[in-house]
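Understanding the architecture of this molecule
Read off the chains here:
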Amino acid sequence: MISIIRTMWLTFLHMFHKRATIQYPEEKIKLPARWRGRIVLTRDPDMGERCVGCYLCAAACPVDCISLQATEDEHGRRYPEFFRINFSRCIFCGYCEEACPTYAIQLIPDFEMGEYNRQNLVYEKQDLLINSEGKYPGYNYYNVAGLAVKGKDKGEGANELAPVDVHSLLP
Amino acid sequence: MSPLLIVICVLGGLLLIAPGLIWVERRLLAVWQDRYGPNRAGPLGLLVVLADTLKLFFKEDWIPPFADRKVFVLAPAIVVITVLMSFVIVPFSPGIIVVDLNIGVLFFLAMSSMGAYSIILGGWASNNKYSLLGAMRGAAQMISYEVFMGLSLMGVVLITGSFSLHDIVEAQRNMWFIIPQFLGFIIFLIAGIAETHRLPFDIPEAESELIAGFHSEYSGMKFGMFFVGEYIGIMLISCMVTCLFLGGWLGPAFLPPIVWFALKMFAFIGLFILLRASLPRPRYDQLMEFGWKILLPLSILNLVVTAGIILWNES
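Now for a quick tour of the structure. Quantities reported herein were computed from a predicted structural model and do not represent experimental measurements. (Residues numbered from 1 in each chain as written. Chains lettered and ligands numbered in written order. Predicted model: local features only at pLDDT ≥ 70, side-chain atom pairs only at ≥ 80, totals over all residues. Heavy atoms only, no water.)

Description of the layout of surface pockets
- A volume near 800 Å³ is recorded for the largest pocket.
- If you trace the largest pocket, you find 26 residues lining it, with A:Met1, A:Ile4, B:Ile190, B:Leu275 and B:Leu279 closest to the centre.
- Those elements giving two or more residues to the lining of the largest pocket turn out to be helix H1 (2-13) of chain A together with helix H7 (182-195), helix H10 (257-278) and helix H11 (284-314) of chain B.
- Within this model, the second largest pocket holds a volume of roughly 520 Å³.
- If you go around the second largest pocket, you meet 26 residues; those closest to its centre are B:Glu207, B:Phe223, B:Phe227, B:Tyr231 and B:Arg276.
- Those elements giving two or more residues to the lining of the second largest pocket turn out to be helix H1 (3-32), helix H2 (48-58) and helix H9 (220-245) of chain B. (1 Å grid on protein atoms, 1.4 Å probe; cavity = no way out; pocket = protein on both sides within 12 Å on 5 of 7 lines; lining within 4 Å. Points joined across faces, edges and corners; volume = space filled by probe spheres on them. Helix = DSSP H or I, 4+ residues; strand = E, 2+ residues; numbered from the N terminus.)

Here is the structure:
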(Lines give C-alpha, C1' and ligand atoms only; values in the text may rest on other atoms or scores of the structure.)
Protein backbone atom coordinates (compact mmCIF):
# COMPACT_ATOMS: atom_id res chain seq x y z
CA MET A 1 0.00 0.00 0.00
CA ILE A 2 2.73 2.44 1.01
CA SER A 3 4.81 1.33 -1.93
CA ILE A 4 1.94 2.01 -4.31
CA ILE A 5 1.55 5.55 -3.02
CA ARG A 6 5.31 6.03 -3.14
CA THR A 7 5.37 4.81 -6.75
CA MET A 8 2.63 7.24 -7.68
CA TRP A 9 4.39 10.09 -5.91
CA LEU A 10 7.70 9.36 -7.61
CA THR A 11 5.97 9.16 -10.98
CA PHE A 12 4.26 12.45 -10.24
CA LEU A 13 7.61 14.07 -9.48
CA HIS A 14 8.77 13.18 -12.97
CA MET A 15 6.67 16.14 -14.07
CA PHE A 16 9.54 18.36 -12.98
CA HIS A 17 12.33 16.32 -14.50
CA LYS A 18 14.23 17.24 -17.61
CA ARG A 19 12.62 15.98 -20.80
CA ALA A 20 14.47 13.20 -22.56
CA THR A 21 13.02 14.13 -25.94
CA ILE A 22 15.05 15.95 -28.54
CA GLN A 23 12.52 17.83 -30.65
CA TYR A 24 14.17 16.88 -33.87
CA PRO A 25 13.56 19.30 -36.71
CA GLU A 26 14.07 22.30 -34.46
CA GLU A 27 16.58 20.73 -32.12
CA LYS A 28 19.34 18.64 -33.63
CA ILE A 29 21.20 15.88 -31.94
CA LYS A 30 24.96 16.27 -31.63
CA LEU A 31 26.44 13.47 -33.68
CA PRO A 32 29.88 12.05 -32.92
CA ALA A 33 32.59 12.89 -35.44
CA ARG A 34 32.86 9.24 -36.41
CA TRP A 35 29.14 8.86 -37.10
CA ARG A 36 28.65 6.81 -40.24
CA GLY A 37 26.23 8.76 -42.37
CA ARG A 38 26.23 10.00 -45.94
CA ILE A 39 29.17 8.86 -48.08
CA VAL A 40 31.37 11.47 -49.74
CA LEU A 41 34.40 11.45 -52.03
CA THR A 42 37.16 13.74 -50.78
CA ARG A 43 39.90 15.61 -52.61
CA ASP A 44 43.65 16.11 -52.37
CA PRO A 45 45.11 19.26 -50.82
CA ASP A 46 45.57 20.49 -54.39
CA MET A 47 41.91 19.69 -55.09
CA GLY A 48 42.49 16.69 -57.31
CA GLU A 49 40.26 13.68 -56.85
CA ARG A 50 41.65 11.20 -54.35
CA CYS A 51 39.79 8.23 -55.78
CA VAL A 52 41.97 6.10 -57.99
CA GLY A 53 39.22 3.74 -59.07
CA CYS A 54 40.65 0.59 -57.48
CA TYR A 55 37.18 -0.99 -56.95
CA LEU A 56 38.07 -2.05 -53.41
CA CYS A 57 35.08 -0.18 -51.98
CA ALA A 58 32.73 -1.82 -54.46
CA ALA A 59 34.22 -5.19 -53.60
CA ALA A 60 33.94 -4.60 -49.87
CA CYS A 61 30.37 -3.36 -50.03
CA PRO A 62 28.13 -6.07 -48.56
CA VAL A 63 25.03 -4.81 -50.35
CA ASP A 64 26.69 -3.95 -53.65
CA CYS A 65 25.49 -0.40 -53.67
CA ILE A 66 28.67 1.11 -55.11
CA SER A 67 29.42 0.97 -58.80
CA LEU A 68 32.21 2.75 -60.62
CA GLN A 69 34.32 2.63 -63.73
CA ALA A 70 38.02 3.46 -63.53
CA THR A 71 39.83 5.30 -66.28
CA GLU A 72 43.16 7.06 -66.72
CA ASP A 73 43.96 10.59 -67.72
CA GLU A 74 46.77 11.50 -70.12
CA HIS A 75 49.29 11.70 -67.28
CA GLY A 76 48.73 8.16 -66.12
CA ARG A 77 46.64 9.20 -63.21
CA ARG A 78 43.68 6.90 -62.51
CA TYR A 79 40.30 8.29 -61.63
CA PRO A 80 36.71 7.02 -61.75
CA GLU A 81 34.86 7.72 -64.96
CA PHE A 82 31.62 7.45 -63.07
CA PHE A 83 31.02 6.73 -59.43
CA ARG A 84 27.55 5.85 -58.30
CA ILE A 85 26.22 4.98 -54.84
CA ASN A 86 22.69 3.78 -54.42
CA PHE A 87 21.77 5.07 -50.98
CA SER A 88 18.48 3.23 -50.96
CA ARG A 89 20.60 0.10 -50.60
CA CYS A 90 23.46 1.45 -48.55
CA ILE A 91 23.52 0.16 -44.99
CA PHE A 92 26.14 2.68 -43.81
CA CYS A 93 28.45 -0.06 -42.55
CA GLY A 94 31.58 1.90 -43.44
CA TYR A 95 33.37 -1.04 -45.01
CA CYS A 96 34.05 1.05 -48.12
CA GLU A 97 35.83 3.63 -46.00
CA GLU A 98 37.92 0.90 -44.36
CA ALA A 99 38.78 -0.62 -47.71
CA CYS A 100 39.79 2.62 -49.41
CA PRO A 101 43.61 2.77 -49.84
CA THR A 102 43.61 6.49 -50.64
CA TYR A 103 41.22 7.84 -47.99
CA ALA A 104 39.00 9.00 -50.84
CA ILE A 105 35.67 7.55 -49.74
CA GLN A 106 34.53 8.70 -46.30
CA LEU A 107 31.36 8.58 -44.21
CA ILE A 108 30.29 11.84 -42.63
CA PRO A 109 27.87 12.64 -39.79
CA ASP A 110 24.85 13.50 -41.93
CA PHE A 111 21.76 11.36 -42.14
CA GLU A 112 19.17 13.80 -43.46
CA MET A 113 18.81 12.33 -46.91
CA GLY A 114 15.05 11.89 -47.11
CA GLU A 115 13.60 11.87 -50.62
CA TYR A 116 10.13 11.43 -52.02
CA ASN A 117 11.44 9.72 -55.13
CA ARG A 118 13.51 6.62 -54.66
CA GLN A 119 15.54 7.33 -57.76
CA ASN A 120 16.83 10.51 -56.15
CA LEU A 121 18.73 8.36 -53.68
CA VAL A 122 21.11 7.25 -56.39
CA TYR A 123 24.01 9.66 -56.04
CA GLU A 124 26.33 10.29 -58.96
CA LYS A 125 29.93 11.40 -58.78
CA GLN A 126 29.11 15.10 -58.83
CA ASP A 127 26.79 14.55 -55.85
CA LEU A 128 29.42 12.65 -53.93
CA LEU A 129 32.52 14.77 -54.53
CA ILE A 130 33.12 17.49 -51.97
CA ASN A 131 35.67 20.30 -52.03
CA SER A 132 37.37 19.15 -48.88
CA GLU A 133 40.03 16.80 -47.64
CA GLY A 134 37.68 15.19 -45.16
CA LYS A 135 39.14 13.45 -42.12
CA TYR A 136 42.73 13.39 -43.41
CA PRO A 137 43.86 16.94 -44.20
CA GLY A 138 47.15 17.23 -46.03
CA TYR A 139 47.11 13.67 -47.31
CA ASN A 140 48.00 13.37 -50.96
CA TYR A 141 48.09 9.83 -52.23
CA TYR A 142 50.29 10.49 -55.24
CA ASN A 143 52.91 12.19 -53.06
CA VAL A 144 53.50 9.02 -51.09
CA ALA A 145 52.58 6.37 -53.62
CA GLY A 146 55.99 6.01 -55.32
CA LEU A 147 54.25 6.25 -58.64
CA ALA A 148 55.20 8.42 -61.58
CA VAL A 149 52.51 10.89 -62.52
CA LYS A 150 52.60 14.30 -64.03
CA GLY A 151 54.81 16.78 -62.13
CA LYS A 152 56.42 14.06 -60.08
CA ASP A 153 58.67 11.22 -61.04
CA LYS A 154 59.38 8.05 -59.09
CA GLY A 155 61.20 8.74 -55.86
CA GLU A 156 60.46 12.44 -55.79
CA GLY A 157 57.56 12.35 -53.36
CA ALA A 158 57.62 12.80 -49.61
CA ASN A 159 59.44 10.02 -47.68
CA GLU A 160 60.45 8.46 -50.98
CA LEU A 161 63.90 7.25 -51.90
CA ALA A 162 65.19 7.37 -55.43
CA PRO A 163 64.59 4.06 -57.22
CA VAL A 164 67.32 1.47 -56.90
CA ASP A 165 69.65 1.42 -59.92
CA VAL A 166 69.51 -2.26 -60.86
CA HIS A 167 72.51 -1.91 -63.11
CA SER A 168 74.78 -0.89 -60.27
CA LEU A 169 76.30 -3.13 -57.62
CA LEU A 170 76.67 -0.30 -55.12
CA PRO A 171 74.26 -0.32 -52.18
CA MET B 1 -32.61 26.28 -17.43
CA SER B 2 -35.00 24.24 -19.50
CA PRO B 3 -34.52 20.47 -19.27
CA LEU B 4 -33.92 20.12 -23.02
CA LEU B 5 -31.12 22.68 -22.92
CA ILE B 6 -29.51 20.87 -20.00
CA VAL B 7 -29.69 17.57 -21.86
CA ILE B 8 -28.07 19.09 -24.94
CA CYS B 9 -25.38 20.81 -22.87
CA VAL B 10 -24.54 17.67 -20.92
CA LEU B 11 -24.51 15.45 -23.99
CA GLY B 12 -22.52 17.90 -26.10
CA GLY B 13 -20.11 18.61 -23.28
CA LEU B 14 -19.46 14.94 -22.65
CA LEU B 15 -18.99 14.05 -26.30
CA LEU B 16 -16.64 17.01 -26.73
CA ILE B 17 -14.61 16.37 -23.60
CA ALA B 18 -14.29 12.61 -24.21
CA PRO B 19 -12.03 12.97 -27.28
CA GLY B 20 -10.27 15.86 -25.56
CA LEU B 21 -9.34 13.45 -22.80
CA ILE B 22 -7.29 11.50 -25.34
CA TRP B 23 -5.09 14.54 -25.67
CA VAL B 24 -5.08 15.15 -21.92
CA GLU B 25 -4.13 11.56 -21.24
CA ARG B 26 -1.38 11.45 -23.82
CA ARG B 27 0.10 14.75 -22.67
CA LEU B 28 -0.07 13.84 -18.98
CA LEU B 29 1.38 10.38 -19.55
CA ALA B 30 4.18 11.98 -21.51
CA VAL B 31 4.80 14.52 -18.77
CA TRP B 32 5.15 11.73 -16.25
CA GLN B 33 7.46 9.77 -18.52
CA ASP B 34 9.85 12.67 -19.23
CA ARG B 35 8.50 13.20 -22.73
CA TYR B 36 6.45 15.94 -24.40
CA GLY B 37 3.60 13.96 -25.92
CA PRO B 38 1.68 15.16 -28.96
CA ASN B 39 2.75 18.78 -29.47
CA ARG B 40 2.93 19.17 -33.23
CA ALA B 41 -0.61 19.51 -34.57
CA GLY B 42 -2.00 22.89 -33.65
CA PRO B 43 -1.39 24.84 -30.43
CA LEU B 44 -0.04 22.50 -27.74
CA GLY B 45 -0.88 19.62 -30.04
CA LEU B 46 -4.58 20.07 -29.41
CA LEU B 47 -5.51 19.27 -32.99
CA VAL B 48 -4.35 15.72 -32.43
CA VAL B 49 -7.86 15.20 -31.13
CA LEU B 50 -9.24 16.13 -34.54
CA ALA B 51 -6.68 13.96 -36.28
CA ASP B 52 -7.52 10.98 -34.09
CA THR B 53 -11.23 11.39 -34.64
CA LEU B 54 -10.87 11.80 -38.40
CA LYS B 55 -8.63 8.76 -38.51
CA LEU B 56 -11.24 6.69 -36.68
CA PHE B 57 -13.98 7.91 -39.03
CA PHE B 58 -12.08 7.10 -42.19
CA LYS B 59 -10.78 3.72 -41.11
CA GLU B 60 -12.33 0.73 -42.77
CA ASP B 61 -15.30 -0.32 -40.69
CA TRP B 62 -14.78 -4.03 -40.92
CA ILE B 63 -16.93 -6.79 -39.50
CA PRO B 64 -15.19 -10.15 -39.51
CA PRO B 65 -17.07 -12.77 -41.53
CA PHE B 66 -17.06 -15.17 -38.58
CA ALA B 67 -18.63 -12.60 -36.24
CA ASP B 68 -22.22 -12.51 -35.10
CA ARG B 69 -23.16 -9.41 -37.08
CA LYS B 70 -26.07 -8.00 -35.12
CA VAL B 71 -24.56 -8.43 -31.69
CA PHE B 72 -21.20 -7.26 -32.97
CA VAL B 73 -22.72 -3.95 -34.06
CA LEU B 74 -24.85 -3.64 -30.96
CA ALA B 75 -22.11 -4.14 -28.36
CA PRO B 76 -20.20 -0.85 -28.76
CA ALA B 77 -23.45 1.10 -28.63
CA ILE B 78 -24.39 -0.41 -25.27
CA VAL B 79 -21.34 0.88 -23.45
CA VAL B 80 -21.86 4.44 -24.67
CA ILE B 81 -25.58 4.38 -24.00
CA THR B 82 -25.31 3.02 -20.48
CA VAL B 83 -22.57 5.43 -19.49
CA LEU B 84 -24.43 8.37 -20.98
CA MET B 85 -27.58 7.24 -19.19
CA SER B 86 -25.72 7.31 -15.89
CA PHE B 87 -24.97 10.99 -16.41
CA VAL B 88 -28.67 11.70 -16.15
CA ILE B 89 -28.45 11.72 -12.36
CA VAL B 90 -25.17 13.64 -11.95
CA PRO B 91 -25.75 17.08 -10.39
CA PHE B 92 -23.17 19.36 -11.99
CA SER B 93 -24.28 22.31 -9.92
CA PRO B 94 -27.58 23.37 -8.33
CA GLY B 95 -30.14 23.30 -11.10
CA ILE B 96 -27.89 21.72 -13.73
CA ILE B 97 -29.07 18.15 -13.45
CA VAL B 98 -31.09 16.25 -16.01
CA VAL B 99 -33.36 14.49 -13.51
CA ASP B 100 -32.98 14.43 -9.77
CA LEU B 101 -34.08 10.83 -9.27
CA ASN B 102 -34.79 9.85 -5.68
CA ILE B 103 -32.96 6.59 -6.43
CA GLY B 104 -30.05 8.32 -8.18
CA VAL B 105 -27.26 6.21 -6.72
CA LEU B 106 -29.09 2.98 -7.47
CA PHE B 107 -29.70 4.14 -11.02
CA PHE B 108 -25.99 4.81 -11.43
CA LEU B 109 -25.09 1.36 -10.08
CA ALA B 110 -27.63 -0.31 -12.34
CA MET B 111 -26.46 1.49 -15.43
CA SER B 112 -22.78 0.89 -14.81
CA SER B 113 -23.53 -2.82 -14.33
CA MET B 114 -25.29 -2.83 -17.68
CA GLY B 115 -21.99 -1.77 -19.19
CA ALA B 116 -20.76 -5.29 -18.55
CA TYR B 117 -23.09 -6.49 -21.30
CA SER B 118 -21.18 -4.48 -23.83
CA ILE B 119 -17.97 -6.29 -22.96
CA ILE B 120 -19.51 -9.73 -22.84
CA LEU B 121 -21.50 -9.33 -26.04
CA GLY B 122 -18.62 -7.66 -27.85
CA GLY B 123 -16.21 -10.42 -26.87
CA TRP B 124 -18.70 -13.17 -27.61
CA ALA B 125 -19.82 -11.81 -30.97
CA SER B 126 -16.24 -11.36 -32.14
CA ASN B 127 -15.90 -15.16 -32.16
CA ASN B 128 -12.24 -14.87 -31.31
CA LYS B 129 -10.30 -16.60 -28.53
CA TYR B 130 -8.67 -13.48 -27.16
CA SER B 131 -11.88 -11.50 -27.31
CA LEU B 132 -13.74 -14.19 -25.44
CA LEU B 133 -11.04 -14.45 -22.79
CA GLY B 134 -11.10 -10.69 -22.39
CA ALA B 135 -14.86 -10.67 -22.20
CA MET B 136 -14.93 -13.39 -19.55
CA ARG B 137 -12.37 -11.56 -17.47
CA GLY B 138 -14.21 -8.31 -17.96
CA ALA B 139 -17.50 -9.78 -16.90
CA ALA B 140 -16.05 -11.43 -13.81
CA GLN B 141 -14.17 -8.30 -12.85
CA MET B 142 -17.11 -5.97 -13.32
CA ILE B 143 -19.58 -8.18 -11.50
CA SER B 144 -17.34 -8.80 -8.52
CA TYR B 145 -16.27 -5.19 -8.18
CA GLU B 146 -19.86 -4.06 -8.62
CA VAL B 147 -20.72 -5.78 -5.34
CA PHE B 148 -18.63 -3.71 -3.03
CA MET B 149 -18.82 -0.63 -5.22
CA GLY B 150 -22.43 -0.54 -4.12
CA LEU B 151 -21.60 -1.49 -0.54
CA SER B 152 -18.92 1.20 -0.22
CA LEU B 153 -21.51 3.82 -1.19
CA MET B 154 -23.97 2.73 1.43
CA GLY B 155 -22.05 4.55 4.16
CA VAL B 156 -22.68 7.82 2.37
CA VAL B 157 -26.31 6.91 1.78
CA LEU B 158 -26.75 6.02 5.46
CA ILE B 159 -25.35 9.34 6.64
CA THR B 160 -27.45 11.31 4.18
CA GLY B 161 -30.56 9.16 4.41
CA SER B 162 -31.25 9.60 0.71
CA PHE B 163 -30.30 8.03 -2.61
CA SER B 164 -30.62 11.33 -4.44
CA LEU B 165 -27.27 12.75 -5.44
CA HIS B 166 -28.54 16.29 -4.97
CA ASP B 167 -29.36 15.54 -1.34
CA ILE B 168 -26.03 13.79 -0.87
CA VAL B 169 -24.13 16.83 -2.07
CA GLU B 170 -26.25 19.15 0.05
CA ALA B 171 -25.53 16.97 3.10
CA GLN B 172 -21.83 17.75 2.70
CA ARG B 173 -22.17 21.45 3.47
CA ASN B 174 -20.41 21.06 6.81
CA MET B 175 -17.98 18.30 6.03
CA TRP B 176 -17.12 16.42 2.87
CA PHE B 177 -17.83 12.71 3.17
CA ILE B 178 -14.21 11.91 2.34
CA ILE B 179 -13.40 12.47 6.03
CA PRO B 180 -16.02 10.30 7.80
CA GLN B 181 -16.12 7.82 4.92
CA PHE B 182 -12.44 7.66 3.99
CA LEU B 183 -12.44 3.87 3.71
CA GLY B 184 -15.55 4.00 1.59
CA PHE B 185 -13.88 6.59 -0.62
CA ILE B 186 -10.81 4.42 -1.20
CA ILE B 187 -12.89 1.33 -1.91
CA PHE B 188 -15.19 3.21 -4.25
CA LEU B 189 -12.23 4.68 -6.10
CA ILE B 190 -10.62 1.27 -6.58
CA ALA B 191 -13.91 -0.28 -7.60
CA GLY B 192 -14.49 2.61 -9.96
CA ILE B 193 -11.18 2.06 -11.68
CA ALA B 194 -12.01 -1.62 -12.03
CA GLU B 195 -15.49 -0.74 -13.25
CA THR B 196 -14.17 1.43 -16.07
CA HIS B 197 -11.48 -1.22 -16.64
CA ARG B 198 -8.81 1.43 -16.67
CA LEU B 199 -5.20 0.67 -16.03
CA PRO B 200 -3.96 -0.84 -13.75
CA PHE B 201 -7.20 -2.88 -13.81
CA ASP B 202 -7.43 -3.14 -17.60
CA ILE B 203 -7.51 -6.92 -17.36
CA PRO B 204 -10.27 -7.30 -20.02
CA GLU B 205 -8.09 -5.64 -22.65
CA ALA B 206 -4.59 -6.39 -21.29
CA GLU B 207 -2.62 -5.55 -24.42
CA SER B 208 0.38 -7.62 -23.49
CA GLU B 209 -1.61 -10.81 -22.92
CA LEU B 210 -4.83 -10.52 -24.92
CA ILE B 211 -3.89 -8.17 -27.81
CA ALA B 212 -6.82 -5.86 -27.06
CA GLY B 213 -9.11 -8.25 -25.26
CA PHE B 214 -12.79 -7.88 -25.99
CA HIS B 215 -12.32 -5.29 -28.74
CA SER B 216 -9.56 -7.06 -30.70
CA GLU B 217 -11.80 -7.44 -33.73
CA TYR B 218 -13.23 -3.94 -33.69
CA SER B 219 -12.02 -1.20 -35.99
CA GLY B 220 -13.03 2.24 -37.12
CA MET B 221 -15.86 3.98 -35.37
CA LYS B 222 -17.04 0.86 -33.52
CA PHE B 223 -13.69 0.75 -31.79
CA GLY B 224 -14.08 4.49 -31.33
CA MET B 225 -17.32 3.84 -29.50
CA PHE B 226 -15.59 1.57 -26.99
CA PHE B 227 -12.94 4.23 -26.66
CA VAL B 228 -15.42 7.05 -26.11
CA GLY B 229 -17.34 4.84 -23.71
CA GLU B 230 -14.21 4.26 -21.69
CA TYR B 231 -13.39 7.95 -21.48
CA ILE B 232 -16.93 8.91 -20.58
CA GLY B 233 -16.77 6.15 -17.99
CA ILE B 234 -13.71 7.79 -16.47
CA MET B 235 -15.58 11.06 -16.35
CA LEU B 236 -18.57 9.36 -14.81
CA ILE B 237 -16.54 7.78 -12.02
CA SER B 238 -14.78 11.08 -11.41
CA CYS B 239 -18.14 12.86 -11.25
CA MET B 240 -19.51 10.26 -8.86
CA VAL B 241 -16.49 10.47 -6.56
CA THR B 242 -16.79 14.24 -6.64
CA CYS B 243 -20.49 14.16 -5.80
CA LEU B 244 -20.36 11.42 -3.20
CA PHE B 245 -17.19 12.20 -1.29
CA LEU B 246 -15.82 15.61 -2.26
CA GLY B 247 -18.87 17.77 -1.89
CA GLY B 248 -19.80 18.06 -5.57
CA TRP B 249 -20.18 21.69 -6.51
CA LEU B 250 -19.61 22.95 -2.97
CA GLY B 251 -16.59 25.15 -2.46
CA PRO B 252 -15.55 28.68 -1.51
CA ALA B 253 -17.78 31.23 -3.19
CA PHE B 254 -15.15 33.01 -5.31
CA LEU B 255 -15.67 30.44 -8.07
CA PRO B 256 -19.04 29.40 -9.47
CA PRO B 257 -20.28 25.95 -8.39
CA ILE B 258 -19.88 24.43 -11.84
CA VAL B 259 -16.21 25.41 -11.88
CA TRP B 260 -15.64 23.74 -8.51
CA PHE B 261 -17.30 20.64 -9.85
CA ALA B 262 -15.16 20.64 -13.00
CA LEU B 263 -11.98 21.23 -11.00
CA LYS B 264 -12.64 18.28 -8.71
CA MET B 265 -13.65 16.09 -11.63
CA PHE B 266 -10.53 16.88 -13.64
CA ALA B 267 -8.34 16.34 -10.59
CA PHE B 268 -9.72 12.81 -10.43
CA ILE B 269 -9.24 12.29 -14.15
CA GLY B 270 -5.64 13.33 -13.57
CA LEU B 271 -5.41 10.80 -10.76
CA PHE B 272 -6.73 8.09 -13.08
CA ILE B 273 -4.03 8.92 -15.59
CA LEU B 274 -1.37 9.04 -12.88
CA LEU B 275 -2.46 5.55 -11.83
CA ARG B 276 -2.01 4.42 -15.40
CA ALA B 277 1.43 6.02 -15.56
CA SER B 278 2.72 4.49 -12.35
CA LEU B 279 1.19 1.11 -11.58
CA PRO B 280 1.62 -2.25 -13.31
CA ARG B 281 -1.33 -4.48 -14.09
CA PRO B 282 -2.06 -7.14 -11.45
CA ARG B 283 -2.57 -10.74 -12.43
CA TYR B 284 -6.17 -11.81 -12.95
CA ASP B 285 -6.33 -14.03 -9.87
CA GLN B 286 -4.63 -11.36 -7.77
CA LEU B 287 -7.31 -8.92 -8.84
CA MET B 288 -10.08 -11.32 -7.88
CA GLU B 289 -8.46 -12.19 -4.57
CA PHE B 290 -7.94 -8.53 -3.75
CA GLY B 291 -11.56 -7.87 -4.51
CA TRP B 292 -13.24 -10.70 -2.67
CA LYS B 293 -10.84 -11.25 0.22
CA ILE B 294 -9.85 -7.68 1.09
CA LEU B 295 -12.17 -5.08 -0.37
CA LEU B 296 -15.44 -6.90 0.19
CA PRO B 297 -14.86 -7.52 3.94
CA LEU B 298 -13.54 -3.98 4.31
CA SER B 299 -16.58 -2.45 2.67
CA ILE B 300 -18.92 -4.55 4.81
CA LEU B 301 -16.94 -3.51 7.89
CA ASN B 302 -17.21 0.11 6.78
CA LEU B 303 -20.95 -0.25 6.35
CA VAL B 304 -21.46 -1.95 9.73
CA VAL B 305 -19.33 0.57 11.62
CA THR B 306 -21.06 3.51 9.95
CA ALA B 307 -24.47 2.07 10.68
CA GLY B 308 -23.45 1.39 14.29
CA ILE B 309 -22.24 4.95 14.81
CA ILE B 310 -25.40 6.38 13.31
CA LEU B 311 -27.55 4.17 15.56
CA TRP B 312 -25.44 5.14 18.58
CA ASN B 313 -25.92 8.84 17.84
CA GLU B 314 -29.67 8.42 17.42
CA SER B 315 -30.23 6.57 20.67
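Topic: the pattern of salt bridges
- Applying the stated criterion across every chain yields a total of 17 salt bridges over all chains.
- Taking the shortest distance from any N to any O, the salt bridge between A:Glu26 and B:Arg40 comes out at 3.2 Å. On the criterion of chain membership, the pair formed by A:Glu26 in the loop between H1 and strand S1 (39-41) and B:Arg40 in the loop between H1 and H2 is interchain, its members lying in two chains.
- Residue classification places A:Glu26 among the exposed residues on the basis of a relative accessible area of 59%.
- A:Arg77 is the salt-bridge partner of A:Asp44, the closest N and O atoms lying 2.9 Å from each other. Remark: A:Arg77 occurs in the loop between strand S2 (66-72) and strand S3 (78-86) and A:Asp44 occurs in the loop between S1 and helix H2 (56-60); sequence separation between them is 33 residues.
- Overall, the relative accessible area of 1% leaves A:Asp44 in the buried class.
- A:Arg77 gets classed as partly exposed once you look at its relative accessible area, which sits at 22%. (Salt bridge = Lys/Arg side-chain N within 4 Å of Asp/Glu carboxyl O. Buried < 20%, exposed > 50% of the residue type's maximum accessible area, 1.4 Å probe, protein only.)

Some words on the packing of H7(B) against H9(B)
All names here are of chain B.
- Their axes nearest at 10 Å, the elements H7 and H9 cross at an angle of 170°. Considered as vectors, H7 and H9 are oriented roughly antiparallel to each other. Counting all contacts with H7, which are made through Gly 184, Phe 185, Phe 188, Leu 189 and Gly 192, the residues of H9 involved are Ile 237, Met 240, Val 241, Leu 244 and Phe 245. (Axes fitted to C-alpha atoms, helices over the stretch in contact; angles between N-to-C directions. Parallel < 35°, antiparallel > 145°, perpendicular 65-115°, else oblique. Contact = heavy atoms within 4.5 Å.)

Fair warning: the whole summary comes from geometry, so function is off the table for now.
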